[in-house]
Amino acid sequence: MALHYYCRHCGTKVGTVDRVSIYSEQLGFHHLTEEERLEMIAYQPNGDIHIKTICEDCQEALARNPELHQYEKFIH
């Protein structure tokens with residue numbers, strides 16, 4: 001099982017954690033609401049988990065342009 005992190009705005013792969021046994025508490029998933037979990041975490045048939053996060057470039061763009069927060073994706 002691997003955890004793959006992708007930017008929710010631009011789709012860039014941010015990173016991968018290749019760890020066979022890891023608990024959701026170690027990742028902070030227990031702090032998410034059920035709705036947030038459904039939106040951010042996708043379980044793949046092969047056992048991998050895809051997690052939506054934000055990359056540094058998009059975070060910087062949001063900080064400079066707060067009006068971009070209204071869009072699900074602002075980089076296509």
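All values reported here derive from a predicted model rather than from experimental measurement.

Scoring rules and cut-offs
Residues numbered from 1 in each chain as written. Predicted model: local features only at pLDDT ≥ 70, side-chain atom pairs only at ≥ 80, totals over all residues. Heavy atoms only, no water. Helix = DSSP H or I, 4+ residues; strand = E, 2+ residues; numbered from the N terminus. Buried < 20%, exposed > 50% of the residue type's maximum accessible area, 1.4 Å probe, protein only. Areas by Shrake-Rupley, 256 points an atom, 1.4 Å probe, with all protein chains shown as cover. Lys, Arg positive; Asp, Glu negative; His and termini not counted. Charge placed at Lys NZ, Arg CZ, Asp CG, Glu CD. Pairing = 2+ DSSP bridges. Core = buried A, V, L, I, M, F, W, Y, C linked by side-chain atoms within 4.5 Å. Contact = heavy atoms within 4.5 Å. Axes fitted to C-alpha atoms, helices over the stretch in contact; angles between N-to-C directions. Polar contact = N/O pair within 3.5 Å; in protein donor to acceptor, adjacent residues only side chain to side chain.

Draft legend 1. Layout of the overall build of the protein. Scanning the protein for helices and strands turns up 3 helices and 4 strands. Mapped from its N terminus to its C terminus, the protein presents α and β elements in the order β-β-α-α-β-β-α. On the principal axes, the C-alpha backbone points of the protein span a range of 40 × 25 × 20 Å. Per-residue burial for the protein yields a buried fraction of 26% across its 76 residues. Accessible area of the protein: about 5600 Å², with a carbon and sulfur share of 51%. The averaged location of the 12 negative side-chain charges in the protein is 3 Å from the averaged location of its 7 positive side-chain charges.

Draft legend 2. Quick peek at the pairing of strand 4 (residues 49-53). Here 5 bridges tie strand 1 (residues 3-7) to strand 4, and the two strands are oriented parallel to one another. Paired with Tyr5 across the strands is Ile51, a residue of strand 4. The pairing of strand 3 (residues 41-43) with strand 4 spans 3 bridges and is classified as antiparallel. Of the residues in strand 4, the one forming a bridge with Tyr43 is Ile49. Connecting the antiparallel pair strand 3 and strand 4 is a turn made up of 5 residues, with Gly47 showing a positive phi of about 100°.

Draft legend 3. Main features of the nonpolar core. Core analysis: the largest hydrophobic core is formed by 8 residues, namely Leu3, Tyr5, Ile22, Phe29, Met40, Ile41, Ile49 and Ile51. Elements that contribute at least two residues to this core include exactly strand 1 and strand 4. Setting aside anything within four residues of it in sequence, one finds Ile49 in contact with Met1, Ala2, Leu3, His4, Ile41, Ala42 and Tyr43.

Draft legend 4. Local environment of the sheet that holds strand 4. The strand order 2-1-4-3 describes an open sheet built from 4 strands, whose pairing is mixed. Sheet topology places strand 2 (13-17) and strand 3 at the edges, where each strand pairs with a single neighbour. Taking the axes of each pair of neighbouring strands and ignoring which way they run, one obtains an average angle of 20° across the sheet.

Draft legend 5. Local environment of the side chain of Arg8. Tracing the backbone through its elements, the reader meets Arg8 in the loop between strand 1 and strand 2. A residue is classified by how much of its surface remains accessible, and Arg8, at 19% relative accessible area, is buried. A polar contact is formed between the side chain of Arg8 and the side chain of Glu39, at a distance of 3.0 Å.

Shape descriptors only; they carry no functional weight alone.
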